[in-house]
Every structure is written in structure tokens, then in C-alpha cells.
Amino acid sequence: MYGANMARASSLGQIRFGLGPRPGHAPALDAAALIADLDRPDPAANITPFAVRLERAAARAELRRAQRSGAMADTLAEREAINRAEVRDSQADLRAQLARMVAAPVGFRERLVAFWANHFAADSRGGHFRFARASYVEDAIRPHIATDFATLLRAAVTHPVMQGYLNQNVSVGPFSLLGRRTGRGLNENLARELLELHTLGAQAGYSQADVTQMARLLTGITFDLEQGYFFDARIAEPGLIEIFGKRYGGRPVMERHVFEALDDLALRPETAAHLAGKLARHFLADDPDAGLVAHMQARYLETGGNLRALHAAMLEHPMMWQPPLRKTRAPIAWMAASLRATGTAPDDILALSGRDTQRLLRRPLQAMGAAWETVPSPAGYDDSARAWITAQALAARMSWAMGLAGRLPRTPDPSDFVTTAMGDMASPALLRVVRGAETRAQAVGIILSSPDFNRC
Amino acid sequence: MRHDPTRRRFLTHAAALGCSVAASPLLTPIAMASTPGENRLVVIILRGALDGLDALRPLGDPDFAALRPNLSDGGVALDTGFFALHPVLSDLLPLWQAGELAFVPATSTPYRDKRSHFDGQDVLEAGTPGTGPALRDGWLNRALTLMPGVTARTAFALSGERMRILDGAAPMTHWAPGTDLALGPQAQLLLEHLFTQDPLFTEAGLTALEMGNADGMDDAPRGAPGEVLARYLADQMRGETRIASLSLSGFDTHQQQANRLRPALRNLQTTILTLRAELGPLWARTTLVAMTEFGRTARENGTRGTDHGTGGAMLLAGGALKGGRMLGGWPGLSDAALYDRRDLMPLSDVRAYAAWALRDMYGLRASDLTRTVFPGLDMGDNPGLLL
């Protein structure tokens, strides 16, 4: 029964590691094929570059200054025009991202981008930028998911969206040039989350003193609206700063000192354990096998903190190819899986009007508990299987699934559709129920709403 | 009345499908749970920073009129002789006269100086002393963890968006009334069957089916948003729900405040009056508190609005309230009395009033309240909120 097992592994792989099958595409799938997918060049998508968000933030600030100084009487109309463009681009970003998820051969890359974007959770509400999370993910996360973790770490924590979210840009070394003159001081927010969430993990046993030291070392990392990220020596704390027994810094203050500390954090065994455990919990189960995590952790450390190697170590472990499916699809991943299964063309998604983007994508995502471009906290979305499955969120999924099923130009035969959507991973209960539906569209909606299809 | 249509419907449907009803995990918790008592608490989050000085106008303060040349015209005088309600809130006057309405005119969360809506709301809902890493759940959820017999229906967040105030370890239900599933009976039946096959989906799935289809909201809800929410909430509170939170928005009035604040205040008033009417005799067991992330500048700005400030007003209402009074004192509006020479000076911590309400209504201990629910809070003197 070798062939049957292969087929099963293939559908399991598409659901567990990817965004689910599409009609007519049933690639034979194993660890090597998934890694090969990751090694292919990333097809470009039209996500608003961060530079545009930065320019608009600068323009808004300029208008506010002009109004305050009396140079312009009322800048409301100009500012509203900028904000309308921001909203329009954010909707276009959502369409572009979803279309890319639907077009992906398997979607492993998209799943990894979502995982690492949640690991480095940041959004731009309440700061200088509006709707800049998609741009942040595109610039700082996406290009770095198969390189060294240290590269990803550096890109994420220096990005203006992350800095704004965790107040790094207002942190000033008390003994820096500016600190001594103005009396301004440290903000520890980024330093704390860097240790607790981004690298070592909450279990790692570091102290408040370590957080403070890290915050002192991070000073100088800042941004402004003209150039984005830069290292500002005038606010960087001078002198040697000891973190976990190693001294960093010195005079003159340099960006390199901060990056050295980040590189060292990336290679600590606590960081390896934290990242390996989190990745295994995301793709396999809330309580992954300790042997699997140890295997991933060891490979990470052997390869100097390489993420491609970490992902490959996970994929090659036999445990990762065992049913049942024990996790649940995040809202946008579930939406993408539904659109893939129903054979929706990526171009149809890109062609949605602003109003339909709002009605069919944005509002439903919010009702499912993951509003586009927002994160609930620096810890990101709760990644347990249970977290997405609330009454409100399930109602939103059912409602959206029934709507999609009703709008399909050609409704597929339910028995064919359950195979398209689930491969051979459908439960006997689902196969039975599908035959009991009143209409084809109803059957499609029920399959998309079912526990089977919500799992991954 | 609809106490447990799920169970009834589920019984018939399960029988039709030939499942074992006795094995349904839905049946036991509802039937057997004890409840955290009969008292009901509603927390309304006023998003956008309500201008307390406009909702509750200190007409007796000698500095008020000069600070608010375009925003101090009249109001409904209260018998304190000092404050007047915003004209749009005139229908709340009978509650004041009946002792069912009180205000804390000058209060705030511990959040200071940055005046960001998002951070301010985070602090308000987290119940923490300030921003920063600290707690990632909400104070109302932490209060639930201290109560006996809490089920998912004990607490309700009525919102399309996640409400941090009720996020956390204790079970709760999150629902936006008006979510219309419009499933036919057969689809409903088949989905119920599927959801009971997977324990992770059973409770959430059956609740979603029940609420989305059988909540009397099959048509798009009519009426003001506050009225829709309040009617739905009253229905839940006649059943098992004891604690609920909802948010009202539209309070961020930087320009033309005289026009723009009106609908938001009217919505708040409608919410309160609808709840009172719909709850009937249960209003006597109900306390409602309305709080906002921070107040607004004491001075009107150049566009006849107000900007983000510090101290503001908190509103309390309910049949069990010892109302008809102002709580927590008044700092005055002279330049020297203002916070930072720009904002109303807060004289108390909004969390203290929420803590006393939780203590009086659910018997929570002061030590638990100041450790678990509101870390680091000084509850101050007992304001004697309830009758």
C-alpha cells in the first residue's frame, strides 16, 4: 500500500505545511519538495513599499507643522487625502497578499512568512504610520525566512514599525550626548520583548538587570521620517555594557556593537529551544514531541542559526508526516485555502473593488479574530489550536463559506469537492454529511465550515 | 424567552441522526453549573476619549465658560447646582432623580502624558498601572477567575472586535449581535452533527449555530447601535449572563464638537435606557459603569473641538446604585488646578470604582482585587456605591 500512503502523505503535507490543495494540482509532496519550493525565487507581489508609507507619514507631519505654525490655515483636506490613499493601498495590499496565497503552488513559504511575522509581532496603530504592517512584513520578514535567524532578527528589530510599536525610537541613553543635555532616559519595551519574545523566551531565566543592560545597548537604534531606520550616535549610551557575561560597546558608540549582541543572542541555546519549540507547536501540535524539538534545536545550533536548516529539520522528521491534523488554520490561511479549493482565480481577487474588499475580505477577517494589519499584543496571536475556534469566529467562517459557495460560477459536485479540498484527509463523518446536503452550494459551504477543513 | 434552544434543538436533531445524546458534552455544564450570584455588571468602554467636561458640564465653576466659549451653552441642571448634563442626555435626568445615576467627574486611568488612544485603551482594559509588557489579559477576565461557577455564558463581550477587557484564562463568550448565518434547517443539522464529532469545535460551533440562527436577529437589526446591543444584552442577562462588556465609539471630537459629540452621547443614553427598560425588575440587581481611556483638554481648541487630555468623567448607573451624587471631588479649572496647565486634574483612579463595584457585587476580597485584578491599585476609601 505504498502508493496509498504516499497519496495520504501528500494531502497531509499540503494541509499541514501549505495552504491546502487546488483543483487539478496534486503535486507529490515530501520534505524535499517543500524545501525546493522555498528555494525557488519568491514571485513579486504588489505590496506597498515601506518607503511610500514613510513618505506619507512625513507629509502628514509636515502638514501638521504647517497648521500649527499658522503657515496654512487648515490642512484637514490635504491630510484626509493622504489618509484615503493609505486606506486604498491597504486594501490593495490585502488583495495582493491573498491572491499570492491562492496562487502559490503549495504555500509553505506563505505559512512561514505568517509564522515569523507573528513571532515578530508589530503593527502601526497609534504611531506615525497607518497600515504599515504589510509593508513591514514584506520588507523585514519575508526576504529573510530562509537565511540566518540573526539576519531576520536584525531586520525586524530595527524596522521603524517594530521600533514605533515597542517605543525604541524614544529610548535615550541617559549618559549619551542628548541624554545628559535633556534628562531623557531609557525605554525598555523593545529590550524586554527582544529577550522574552524574539530570542531567549520567557522561560530562559534572565533578570530585570539583563533587560536594562539590553535597553542601554539598544540606544542609538532609532528612525525618523526622512530616512527611516538609522543609528543615532547622539542618543547611544557610551561605555562598555555587559550582557550575559560578555562586554559590548565602548567608545565611540557604534551600530556594530548592537548587532554583535543580536548575533550572539541568536545563537544562544535558549533561543534555539524557543524557536524550535514554537515552530513545532505551530505546524504540528500544541504539545509537540520533545524528540522532534530537540532534533530541530540541534540542527539550528549546528548550522549557526540557519532558518532553512531549521525548517528542513522539521520537515524531515517522520513525526511531521503523521496524522491526525491537530492545529487549526488562521483566518487568512483558511480564507486562502477556501479560495484555492474552490478554484477561485487570483485575478478575480485582485479585481475586487474597494467596497467588496471591505465587505468580502476585511470585515470577515476582523470577525474571525484577525483584523488585517493588526496584532493583539507584542506576543502576537495566540498560536494554540483552540485560540481561533470561538463562537464568534466560527460564525464568521460559516457565514463567509456559505457566501463564497453561493457566489461560485460553477458549483462543483460535492463528492469531488471534498476530495479536492481535503485530499484523502476527510473524516468518514464529513463524507457522510456531504451526501445529506440539500444543494451543491450548501454542501460546499458545509465542507469549508467543517472541523476537518478548519484544521491544519 | 429563549433559554436553551440549542439543547432542545440539539436533542431532536441528535435523535434524528442517531447519535448518543447522553454523550454530548453540551448537556452537562449548562445544567449543573452554579452561578456567581444574581448581580449583573455591565462595563461600557467609551472609545475615542469622551470629553467629560462636555457630557457633565461644571457650569458652577467660575473658569468653565472662559475655557469653553462655544461648548458651554446650557444643559440640564442637576440638583447639585454645580453640574449640568449635556442637553442630549436630558432623558437621564429621571435616573438621577431616582438615585440610579452617579458620576465621578474628575477621574482617569493611571495612563499619563502620551495621550494615545490605543495605549490608553490598552491600559483601561488591561487594568494595569501603565503601558509596557505587564499583563496581556483584561481586568474583567481576571475578576472572573476569582468567581465560582463561571461558565462560558457568565461573561459576554458584545463586539465585532476582540475586547481585551474580557480576554484571558476564564471562559467567556464573544459575540456581535446581528451576525446573521441564515442557514437553512438542513445545513444547521449537518453542521451540528459535524461540530459534535470534534471536541475542539463542539462548544464554539453549537454556540455559533444557536446564536447566529436563533437569536431573533435573523433580519438585520434595527435601531440605534446602542439599542440593538442593549436589547440583545438584556436578553442574555435575563438568562445566565452576569457580566458583560461592550464598547461605544465616536467620542474623539477634535473639531465641531457641538455637532459631533451629540450622536455618540445619544447612543450612550439609548444604551442605558434600553437596558433599564428591557431588564425590568432585574435592573435592581444591575450596575453599569461607563469609562473612557482619558479625558480631553480643558480648553476648546481652534476648531471648536477638544484634544486628547487626562482627567475625565466616569458614569455609573443601575437600580442597585446609591446614586444621585457626585463621587471623588472636583479639582477646579483654574490654570493652577489643571494637570499640566491644560487638562482636567484626575483626583482618583477609575480602577478604584470598578474594584469597589466588584467587591460589593461579587464579594471579591480587596487583597485579590489589588493583586490580581488591578495590580498595584490603592482602592482608597469605600465610596459606598451600592444600596
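Residues numbered from 1 in each chain as written. Chains lettered and ligands numbered in written order. Predicted model: local features only at pLDDT ≥ 70, side-chain atom pairs only at ≥ 80, totals over all residues. Heavy atoms only, no water.

Structural notes on the overall build of chain B
Rules: We count a stretch as a helix when DSSP gives it H or I for four or more residues in a row; a strand needs E for two or more, and each element gets its number in order from the N terminus. Buried, partly exposed and exposed residues are distinguished by accessible area as a fraction of the type maximum, computed with a 1.4 Å probe on protein chains only: under 20%, between the cut-offs, and over 50%, respectively. The contact criterion used is simple: two residues touch if any of their non-hydrogen atoms lie within 4.5 Å. Using the Shrake-Rupley algorithm and a 1.4 Å probe, accessible areas are obtained, with residue cover drawn only from the displayed protein chains.
Assigned secondary structure in chain B consists of 13 helices and 12 strands. Expressed as a percentage of the 387 residues in chain B, the buried residues total 59%. Partitioning the intrachain contacts of chain B with sequence separation of at least 6 by distance along the chain shows that 73% fall at a separation of at least 24. In the structure as shown, chain B presents an accessible area of about 14100 Å², 52% of it carried by carbon and sulfur atoms.

Some details on the interface of chain A and chain B
Note the cut-off: Here the buried area means the combined drop in accessible surface, using a 1.4 Å probe, for two parts upon being joined, counting both sides. Whenever a nitrogen or oxygen atom comes within 3.5 Å of another N or O atom, the pair is scored as a polar contact, on the condition that within protein one atom can donate a hydrogen and the other can accept it, and that pairs from neighbouring residues in sequence are kept only if both atoms are in side chains.
Each partner contributes residues to the interface: chain A has 40 residues there, and chain B has 32 residues. Carbon and sulfur atoms supply 67% of the area that chain A and chain B bury against each other, a total of about 3200 Å² over both sides. It is A:Q392, A:M398 and A:P451 that lose the most area in chain A upon contact with chain B, and together they represent 19% of the buried surface on that side. Where chain A meets chain B, there are 2 residue pairs in polar contact (both at pLDDT 80 or more). Of all the secondary-structure elements, those providing two or more residues to the side of chain A that touches chain B are α10 (189-198), α18 (354-367), α19 (391-407), α21 (428-435), α22 (440-449) and α23 (451-454) of chain A. Element by element, the count of residues in the side of chain A that touches chain B is highest for α19(A), at 7 residues.

Remarks on the domain arrangement of chain A
Condition: What counts as a domain boundary in this text is fixed by an automatic or database domain assignment.
Domain boundaries assigned for chain A yield domain 1 (166-266) and domain 2 (331-454). The C-alpha centroid of domain 2 of chain A is placed 43 Å from the C-alpha centroid of domain 1 of chain A.

Points about the pattern of salt bridges
A pair can form between side chains of opposite charge whenever their charged atoms are brought close. Applicable threshold: Every case where a carboxyl oxygen of Asp or Glu lies within 4 Å of a side-chain nitrogen of Lys or Arg is listed as a salt bridge.
Going through the model one piece at a time under the given rule, you end up with 49 salt bridges over all chains. Across the pair A:R60 and A:E86 runs a salt bridge whose closest N-O atoms are separated by 3.0 Å. Here A:R60 is found in helix α3 (residues 50-69), whereas its partner A:E86 is found in helix α4 (residues 76-103), with 26 residues between them in sequence. Across the pair, A:E86 and A:R60 agree in class, each one buried. A salt bridge links B:R47 to B:E125; its shortest N-O distance comes to 2.8 Å. Of this pair, B:R47 sits in the loop between β1 (40-46) and α3 (52-55) while B:E125 sits in helix α6 (residues 117-126), and the two are 78 residues apart along the sequence. B:E125 carries the same exposure label as B:R47, and that label is buried. What you see here is one network of salt bridges that share partners, running through A:D42, A:R100, A:R109, A:E110, A:E138 and A:R142.

Observations concerning the nonpolar core
This is how the line gets drawn: Grouping buried Ala, Val, Leu, Ile, Met, Phe, Trp, Tyr and Cys residues that are joined through side-chain atoms within 4.5 Å yields what is termed a nonpolar core.
If you look at the biggest cluster of nonpolar residues, it comprises 204 residues, and the most contacted ones within it are A:W116, A:F120, A:Y136, A:F149, A:M214, B:L275 and B:L315. Per-element tally for this core: the top contributor is α19(A), with 10 residues. In this structure, B:L275 is in contact with B:V42, B:A230, B:L233, B:A234, B:M237, B:W283 and B:L288, ignoring residues within four places of it in sequence. Grouped together as the second largest cluster of nonpolar side chains are 44 residues, B:W139, B:A157, B:M314 and B:A352 included.

A short note on the domain arrangement of chain B
All names here are of chain B. Per the domain assignment, the segments of chain B are domain 1 (40-177 + 224-373) and domain 2 (182-220). Each of domain 1 and domain 2 has a C-alpha centre, and these two points are 34 Å apart. Counting from both sides, the interface comprises 9 residues of domain 1 and, opposite them, 8 residues of domain 2. On the domain 1 side of the contact with domain 2, R153, W175 and Y232 bury the most area, a combined 69% of that side's loss. The salt bridge partner of R153 is E210, with a shortest N-O separation of 2.9 Å. Those elements that place two or more of their residues in the side of domain 1 that touches domain 2 are β7 (173-175) and α10 (225-238). Ranked by residues supplied to the side of domain 1 that touches domain 2, first place goes to α10 with 3 residues.

Structural notes on the environment of A:D264
Residue and element names in this part refer to chain A. Assignment of secondary structure puts D264 in helix α12 (residues 255-266). D264 sits 92 residues away from V172 along the chain, and the two C-alpha atoms are 23 Å apart. Among all residues touching D264, those that are not within four sequence positions of it are K246 and Y248.

Here we look at the environment of A:R184
Residue and element names in this part refer to chain A. Take R184: it is sitting in the loop between α9 (177-182) and α10. Note on R184: relative accessible area 39%, which makes it partly exposed. The spatial distance from the C-alpha of R184 to the C-alpha of Q67 is 28 Å, given a sequence separation of 117 residues. When near neighbours in sequence (up to four residues on either side) are disregarded, R184 contacts V170, V172, P174, L178 and G179.

Topic: the packing of α18(A) against α19(A)
Residue and element names in this part refer to chain A. Rules: Axis lines are fitted to C-alpha atoms, over the contacting stretch for helices. Their N-to-C directions set the angle, which ranges from 0 to 180 degrees. The scheme is simple: roughly parallel for angles under 35 degrees, roughly antiparallel for over 145, roughly perpendicular for 65 to 115, oblique for anything else.
Contact pair α18 / α19: the axes reach a minimum separation of 8 Å and the direction vectors enclose 155°. Taken together, the axes of α18 and α19 lie roughly antiparallel to each other. Residue-level contacts link L360, P364 and A367 of α18 to Q392, A393, A396, W400 and R407 of α19.

Observations regarding the pairing of strand β9 (residues 286-292) of chain B
All names here are of chain B. So the rule is basically this: Strands are labelled as partners when DSSP assigns at least two bridges between them.
The element β9 is extensively covered by neighbouring structure, given that 7 of its 7 residues are classed as buried. The pairing of β1 with β9 spans 7 bridges and is parallel. Counted as the bridge partner of R40 is T286 from β9. Looking at chain direction, β9 and strand β10 (residues 312-317) are connected through 3 bridges and run antiparallel. When the sheet's bridge partners are listed, L288 is paired in β10 with A317.

A word on the sheet that holds strand β4 (residues 84-85) of chain B
Residue and element names in this part refer to chain B. Here 3 strands make up an open sheet; going across it, the order is β2-β4-β3 and the pairing antiparallel. Since the sheet does not close on itself, it has two edges, and those belong to β2 (56-57) and β3 (76-77), each with one partner. Examined bridge by bridge, β3 and β4 share 2 bridges and lie antiparallel to one another. When the bridges of β4 are listed, V76 appears paired with L85.

Things to note about the packing of aromatic side chains
Operational definition: Any two rings among Phe, Tyr and Trp, with Trp reduced to its six-membered ring, count as a pair given centres within 6.5 Å; such a pair is stacked if its planes are under 30 degrees apart, edge-to-face if over 60, and tilted if neither.
Across all of its chains, the model carries 20 aromatic pairs over all chains by this definition. Relative to A:F223, the ring of A:F129 has its centre 5.7 Å away and its plane inclined at 35°; by these criteria the two rings are tilted. Of this pair, A:F129 sits in the loop between α5 (108-119) and α6 (133-141) while A:F223 sits in strand β1 (residues 221-224); the two residues are 94 residues apart in sequence, bridging distant segments of the chain. Accessibility classification places A:F129 together with A:F223 in one group, the buried group. Relative to B:F374, the ring of B:W139 lies with its centre 4.9 Å away and its plane at 45°, an arrangement referred to as tilted. On the criterion of sequence distance, the pair formed by B:W139 in helix α7 (residues 139-144) and B:F374 in the segment after α13 (366-373) is long-range, its members being 235 residues apart. Given a relative accessible area of 1%, B:F374 falls into the buried group. Grouped by ring-pair contacts, the aromatic residues A:F115, A:W116, A:F120, A:F149 and A:Y300 constitute a single cluster.

Comments concerning the side chain of A:T158
Residues and elements named next belong to chain A. For T158, the location among the structural elements is in helix α7 (residues 149-158). A polar contact is formed between the side chain of T158 and the backbone oxygen of R154, at a distance of 2.7 Å. With near-sequence residues (within four places) excluded, T158 lies in contact with Q163, I221, Y229 and F259.

Structural notes on α21(A)
Heads up, the rule is: Summarising the geometry, the arc corresponds to the directions from the helix axis toward the C-beta atoms.
Listing the buried residues of α21(A) in full gives A:A429, A:L430, A:V433 and A:V434. The arc enclosing the buried residues of α21(A), seen along the axis, measures out at 130°, which places them on a common side. Away from its buried face, by an angle of more than 90 degrees, α21(A) presents the exposed residues A:P428 and A:R435. Buried residues in α21(A) make contact with α20 (414-422), α22 and α23 of chain A together with α8 (185-197) of chain B.

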